[in-house]
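Close look at the chain arrangement
Each chain is listed here by its residues.
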Amino acid sequence: MKGYVMQLQPFSVNDGEGIRTTIFMAGCPLRCKWCSNPEGFDQKPKTAFYEKLCIGCGLCTTVCHVHNGINLNDPKQREKCDGCGKCADVCPKNAKKRMVVEKEVSEIVEEVKKHRLFYMQSGGGITFSGGETTMQREFLNELSETLYDMGFHLAMETCGYFDFDALKPVLQRMDLIFMDLKHMDSEKHAYLQALAMKRYWKTSNA
Amino acid sequence: MSITDRVERIRLNYVNSKPAISYERARIWTESHKRTEGQPVAIRRAQAFYDTCNELCVNIFPDELIVGCTGEFRKCGILTPEFSWTWVDREMDTFATRAQDPYEMTDEQRAFVRKEIFPYWEHKSLEEAFLAQISEETKRVAVDTGFVDTDSKWRQAVGEITADYQDVLFKKGFGGIKKEAEAYLAELDATSLEGAEKMEFYRSIVLVCDGIIRLANRYGEKAREMAAEEADETRKAELLQIAEICDVVPENPPKSFREAMQFMWFTQLGGILSENPLAWNPGRFDQYMYPYYKVDKEAGVITADEAQELIECLWLKLSEWVWTISANTADFFAGYNQFQNLTVGGRTRDGKDATNELSYMCLKATEDTLAHQPGLSVRIHPDTPDEFMAAVTHLVSKGTGFPAIHSDNAGYQMLVNAGYDPEDARDWSNCGCVVPHFRKTGEWTSAANLNFAAALEFATNEGKSRLSGKKIALDEKDPKTFSTYEEVEEAFYKQFAYLIKQAVISLITAQRLHVEMVPRPFMSACIEDCMKNGKDLTKGGAKYNIGPVITGIGIAVVANSLAAIKKLVFEEKSVTMAEIIDAINNNWEGYDELRARVQAAPKYGNDDDYVDDIAREIGNFFYQEVHKYKDINGNHFLSAFMGISNYLPTGKVLGATPDGRKATEPISEGVSPYVGTDTSTPLAAMRSAAKLNQDIHSGGTLLNLRLNQDLVATKRGQANLGAMIQSYFALGAFHVQFNTVSTETLRKAQAHPEDYKDLLVRVAGYSTQFVNLSKSMQDSIIARNAHETF
């Protein structure tokens, strides 16, 4: 089964106990004004352009089917870009990067299980994060079930905006859940996160 | 901060004073040799040692509790013309100004040495004999070339010894060793070759024992003299106590912790005076000193603080003398380091955890004094107490680069693979850099430096040096005509085997000369079995005689280069061999895009099997090829991946390489990734390094990692570091060491060295003061990727 992922981050020591790999999933119901990963708001494929790394070789332009130039940060070119990622594949400096990719559960498992020994020794494991990890409920379910069965310590970082009953099987596998309470005031919350608080309270009181 | 004001004063003097050359030892050594013409060389050297002990200036410096020095200066380097003097003659006019490891020396000193010392040694030194005896071919490849280097074994004494305090020195004292030698002499006569040779050996032992005892007694006399004139009552009492101690050790077995400490330093001093050694290792200090500490502490004779103070005094004594070396050697062993390795922790001979109170005190002494010696290492086994691991990671967090962290089990395994009995193997300590060692061993642990990247250069440049154009190695066809990846590999391995062969030839020559010219009676007295066998170390008197170690430099650069060629030229076919060769011939100038693509190819140190498999193959071949050869005692040569600072001089002599590296830039050291290319996490770097079958390289393996300070700033972060270390060792690796100083601090220290005199950094296999490193060395340390955490 495939899901939308921003990146896998090994050697995370601030996302739960010990040494962990954090899986950042794409897609989020909120629109926090301070979000540091706005590319994860939706699951659309998109390509980043890091100007500082670029050496101007132009290889990317040779594979672009919408005939974009080098600078994706130019609004006109950004508009044309459909995030296919072909340019990122050829860039020798990783100046172009696929920000949201589709990954199979099996691919992710292969990657994260490499560090089993480091997790064991440190009391670490795997953390699901994002974006909002609970938005891809089936994907998260299959992934967490597989990793749970393999014996890993599992943690989850969430904003709490999900259907508690529907997500119960997943929650039961977690050793640790971080809930990020964005704001106590419903109006401010609506302004900041573009969603009212009501549903929130339901989840956090569960 | 040091434990006491006293130690702090000594420490500040150590930090702020410059090392100076003393010719006293060389002068006495020379005069002595003039008087012993015609005598057997072992006797001449033993007599010279005695004469040095009897005539060398005796100095007790302010605040000292442990006494004994090598010359008239506190920070002092001696000359040993019997090994080499021509480089001294060539280089001493620029000793004070050379980029790496400068020494102070006056014009008067230089004039004296040129008039009274060097002339005697002309045509008599080890260096001259070696250079006269090697072939032109070996000279072309292996003398001052940076392709193969063995000069520490013919411009210097061997060193590389761990004294046997446990079974020899503390048990018998040098007085006891002397009596033993005399007893053997009484039973022998010179009616056979064996008898005659043994008598000569034992006579040399008697002389060196008399020598070191005489030296100690002279310190006793000096202390008493100084006490008589000392106005301060406290200091007076200290001096009288020093006198009492010097009366009894090292002639007799020590009876207290204090006596054991002074005994240990006199032994160290004896070794230094006898050969200006590198890697004259204190060994398992926490094991052999503990019984004395325990008894004294329980009897109320000493407090923990007093012991801590003594240990810190010893650390500074170990740091104050200077291993005098040529500019070439200084490039390979940069930073005034003497590589005196002191190993704590691990398991006992019978397999129990060996950690004791002294183990912790040693860590604390390094933290307090920031002394660059001893080379503090720790042995970590899976059941190492959490508290000890916490103390180790705490010291790492201080950013000194200490301690060197070793897998107890891998060291054991390396020794078993080299032929040691399991019980002895379990009792291992480190020699010098990261070599697993044992106190009953004769071995050249750092015999040859082998430049792997040079082999690749010769393979891709028709056997010629890319920088000089000179033909150095074997013939090879035009690299632009290589039509398969296998051809490239074959060409590399061909040149590689050739370089190994030249290293072996160089070392066999050196070994033979050592036996003839420079026997080591003092060191032999410190190693069990030399007495029993009646044989000097050079003749194989030790219990274990292990083959010389050839250390590989640049495995990451070669693996990365081969991977780039394999992928781009032969798999993707997006580049031709001709383009790559043209690019490196032009030092990548005008080939930016190609360089970028080559740099984007898989790199060792990122847990990528594509390139890690190539590295593993190279390592395996290295072991097998080296192992084919046997030394003059019939022992297999060994392989290793040590670092020291050898990755600089070996890079300086090479052109650009196919991995994207530019000409003359440093290559890689040990099993560490090439600087800046481990772009994943340290976990990935560790996994790559662990794939190299480390335990077959019985000369040791070395991994350097830079970590961002954030990881180790808290206790919890340090616990994570401990987990990383245990995991790395569980993967089969032998050693890792961490630099946790921020780039910012290093740049500041570069700009304002006067404010950062005591900043210690990890080079490779040792730590030294950052400000004592040449700019190119400093830059190479700064360039190492500092791994961030998330």
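Residues numbered from 1 in each chain as written. Chains lettered and ligands numbered in written order. Predicted model: local features only at pLDDT ≥ 70, side-chain atom pairs only at ≥ 80, totals over all residues. Heavy atoms only, no water.

1. Overview of the overall build of chain B
Secondary structure assignment for chain B yields 32 helices and 20 strands. Against the globule reference of 28 Å for 790 residues, chain B gives a C-alpha radius of gyration of 26 Å, in line with a compact fold. By its C-alpha atoms, chain B is 85 × 60 × 50 Å across when sized along the principal axes. The buried share of chain B, taken over its 790 residues, is 66%. (Helix = DSSP H or I, 4+ residues; strand = E, 2+ residues; numbered from the N terminus. Rg over C-alpha atoms; globule rule 2.2 N^0.38 Å. Buried < 20%, exposed > 50% of the residue type's maximum accessible area, 1.4 Å probe, protein only.)

2. Section: the packing of helix 21 (residues 485-517) of chain B against helix 24 (residues 555-571) of chain B
All names here are of chain B. It is the contact of helix 21 with helix 24, at a shortest axis distance of 10 Å, that shows an interaxial angle of 160°. Taken together, the axes of helix 21 and helix 24 are roughly antiparallel relative to one another. Crossing of helix 21 over helix 24 shows right-handed handedness. Between helix 21 and helix 24, the residues in contact are Tyr485, Val488 and Phe492 and Val558, Leu562, Ile565, Lys566 and Phe570, respectively. (Axes fitted to C-alpha atoms, helices over the stretch in contact; angles between N-to-C directions. Parallel < 35°, antiparallel > 145°, perpendicular 65-115°, else oblique. Left-handed = near helix turned anticlockwise from the far one by under 90°. Contact = heavy atoms within 4.5 Å.)

3. Remarks on the environment of His33 of chain B
Residues and elements named next belong to chain B. Here His33 shows up in helix 2 (residues 24-35). The spatial distance from the C-alpha of His33 to the C-alpha of Glu180 is 27 Å, given a sequence separation of 147 residues. Beyond its immediate stretch of four places on either side in the chain, His33 contacts Arg44, Arg45, Ala48, Tyr120 and Trp121.

4. Looking at empty space enclosed by the protein
In this approach a probe as big as a water molecule rolls over the atoms, and the regions it shows empty are the leftover space. Residues and elements named next belong to chain B. Per the counting criterion, the structure on display carries 12 cavities of 30 Å³ or more. Here the largest cavity is characterised by a volume of approximately 210 Å³. The wall of the largest cavity is formed by 20 residues, among which Trp444, Gln511, Leu537, Thr538 and Asn633 lie closest to the centre. Take the lining of the largest cavity: its biggest share by element is three residues, from helix 21. Looking at the lining of the largest cavity, its residues break down into eight nonpolar, eight polar and four charged. Computed from the structure, the second largest cavity encloses a volume of approximately 130 Å³. (1 Å grid on protein atoms, 1.4 Å probe; cavity = no way out; pocket = protein on both sides within 12 Å on 5 of 7 lines; lining within 4 Å. Points joined across faces, edges and corners; volume = space filled by probe spheres on them. Nonpolar A, V, L, I, M, F, W, Y, C, P; charged D, E, K, R; others polar.)

5. Looking at a negative patch on the surface
Residue and element names in this part refer to chain B. Taken together, Asp353, Asp383, Asp386 and Glu387 make up a surface patch of like negative charges. Considering the arrangement of structural elements, one finds Asp383 in the loop between strand 7 (375-380) and helix 17 (386-397). Look at Asp383 and you get exposed, because its relative accessible area is 61%. (Patch = residues over 30% accessible without salt bridge, like charges linked within 9 Å, V, L, I, M, F, W, Y side chains within 5 Å. Areas by Shrake-Rupley, 256 points an atom, 1.4 Å probe, with all protein chains shown as cover. Salt bridge = Lys/Arg side-chain N within 4 Å of Asp/Glu carboxyl O. Lys, Arg positive; Asp, Glu negative; His and termini not counted. Charge placed at Lys NZ, Arg CZ, Asp CG, Glu CD.)

6. What about the nonpolar core?
Grouped together as the largest cluster of nonpolar side chains are 270 residues, with contacts concentrated most on Phe257, Trp315, Ile550 and Ile618 of chain B. At 15 residues, helix 9 (residues 193-229) of chain B tops the list of elements feeding residues into this core. In this view, Trp315 of chain B contacts Phe285, Leu342, Cys362, Ala365, Thr366, Thr369, Ala371, Gln373, Pro374 and Leu376 of chain B; residues no more than four positions away in its chain are not counted. Core analysis: the second largest hydrophobic core is formed by 23 residues, Leu8, Ile108, Ile126 and Leu154 of chain A among them. (Core = buried A, V, L, I, M, F, W, Y, C linked by side-chain atoms within 4.5 Å.)

7. Considerations on unusual backbone geometry
All names here are of chain B. Of the consecutive residues Gln373 and Pro374, the connecting peptide bond is found in the cis state with omega at 0°. Mapped onto the elements of the fold, Pro374 is located in the loop between helix 16 (357-369) and strand 7. With an omega dihedral of -10°, the bond running from Phe402 to Pro403 counts as a cis peptide bond. Within the fold, Pro403 resides in the loop between helix 17 and strand 8 (404-407). Unlike most non-glycine residues, Asp63 shows phi in positive territory, near 75°. Mapping Asp63 onto the fold places it in the loop between helix 3 (41-55) and strand 2 (76-78). When its relative accessible area of 16% is taken as the criterion, Asp63 is described as buried.

8. As for the interface of chain A and chain B
Of the residues lining the interface, 21 residues belong to chain A; the matching set on chain B comes to 25 residues. On the chain A side of the contact with chain B, Phe11, Phe118 and Gln121 of chain A bury the most area, a combined 35% of that side's loss. In this assembly, chain A and chain B are joined by one salt bridge. The shortest N-O distance in the salt bridge between Arg716 of chain B and Glu17 of chain A comes to 2.6 Å. For the interface between chain A and chain B, the tally reads four residue pairs in polar contact (both at pLDDT 80 or more). When contributions to the side of chain A that touches chain B are tallied by element, the ones reaching two or more residues are strand 1 (2-12) and helix 4 (116-122) of chain A. A per-class count over the side of chain A that touches chain B returns 10 nonpolar, seven polar and four charged. (Buried area = accessible area lost by both parts, 1.4 Å probe. Polar contact = N/O pair within 3.5 Å; in protein donor to acceptor, adjacent residues only side chain to side chain.)

9. Side note on the sheet that holds strand 5 (residues 101-104) of chain A
Think of a sheet as strands paired side by side through backbone hydrogen bonds, with each pair either parallel or antiparallel. All names here are of chain A. Ordered by their spatial adjacency, six strands build an open sheet running 5-1-2-6-7-8, and the pairing between neighbours is mixed. Lying at the two open borders of the sheet, with one neighbouring strand each, are strand 5 and strand 8 (176-179). Adjacent strand axes in the sheet meet at a mean angle of 35° when their direction is disregarded. Bridge count between strand 2 (residues 20-25) and strand 6 (residues 125-130): six bridges; the pairing is parallel. Residue pairing for strand 6: Arg20 is matched across the bridge by Gly125. Along the sheet, helix 3 (residues 105-112) contacts strand 1, strand 2, strand 5 and strand 6; its crossing angle with strand 5, the most-contacted strand, is approximately 80°. Against the sheet, helix 5 (residues 137-149) contacts strand 1, strand 2, strand 5, strand 6 and strand 7 (153-158), and its axis sits at roughly 170° relative to strand 6. (Pairing = 2+ DSSP bridges.)

10. Side note on the packing of aromatic side chains
Each pair of aromatic rings is reported with the distance of its centres and the angle of its planes. Residue and element names in this part refer to chain B. Following the criterion strictly, the structure yields 40 aromatic pairs over all chains and no others. Where Phe174 meets Phe263, the ring centres are 6.0 Å apart and the plane angle is 25°; that geometry is what we call stacked. Here the residue Phe174 occupies a position in helix 8 (residues 165-187), and Phe263 occupies one in helix 11 (residues 257-275), the gap between them amounting to 89 residues. Just as Phe174 is buried, Phe263 falls in that class too. Ring pairing ties together the aromatic residues Phe49, Tyr165, Phe170, Phe174, Phe263, Phe285, Tyr288, Tyr292, Trp315 and Phe522, which thus form one cluster. The ring of Tyr412 carries Arg347 above its face, with NZ or CZ at 5.8 Å from the centroid. The ring of Tyr610 has Lys566 lying over it, and the distance from NZ or CZ to the ring centre is 5.3 Å. (Phe/Tyr/Trp six-rings, centres within 6.5 Å; stacked < 30°, edge-to-face > 60°. Lys NZ or Arg CZ within 6 Å of the ring centre and 35° of its normal.)

11. Some words on the pattern of salt bridges
Residues and elements named next belong to chain B. Across all of its chains, the model carries 72 salt bridges over all chains by this definition. The salt bridge involving Glu238 is made with Arg6; its shortest N-O contact spans 2.5 Å. With a gap of 232 residues between them, Glu238 in helix 10 (residues 233-248) and Arg6 in helix 1 (residues 5-16) connect regions that are remote in the sequence. Of the residues examined, Glu238 reaches a relative accessible area of 16% and is grouped as buried. The class of Arg6 is buried, set by a relative accessible area of 12%.

12. A look at the sheet that holds strand 12 (residues 448-451) of chain B
Residue and element names in this part refer to chain B. Here we have four strands laid out as an open sheet, ordered 3-12-14-15, and mixed in their pairing. With partners counted over all chains shown, the strands left at the sheet margins are strand 3 (148-149) and strand 15 (638-640), one partner each. As paired strands, strand 3 and strand 12 are joined by two bridges and run antiparallel to one another. Opposite Val148, over in strand 12, you have Leu450 as the bridge partner. Relative to strand 12, helix 21 is tilted by about 165°, and along the sheet it contacts strand 3, strand 12 and strand 14 (549-553).

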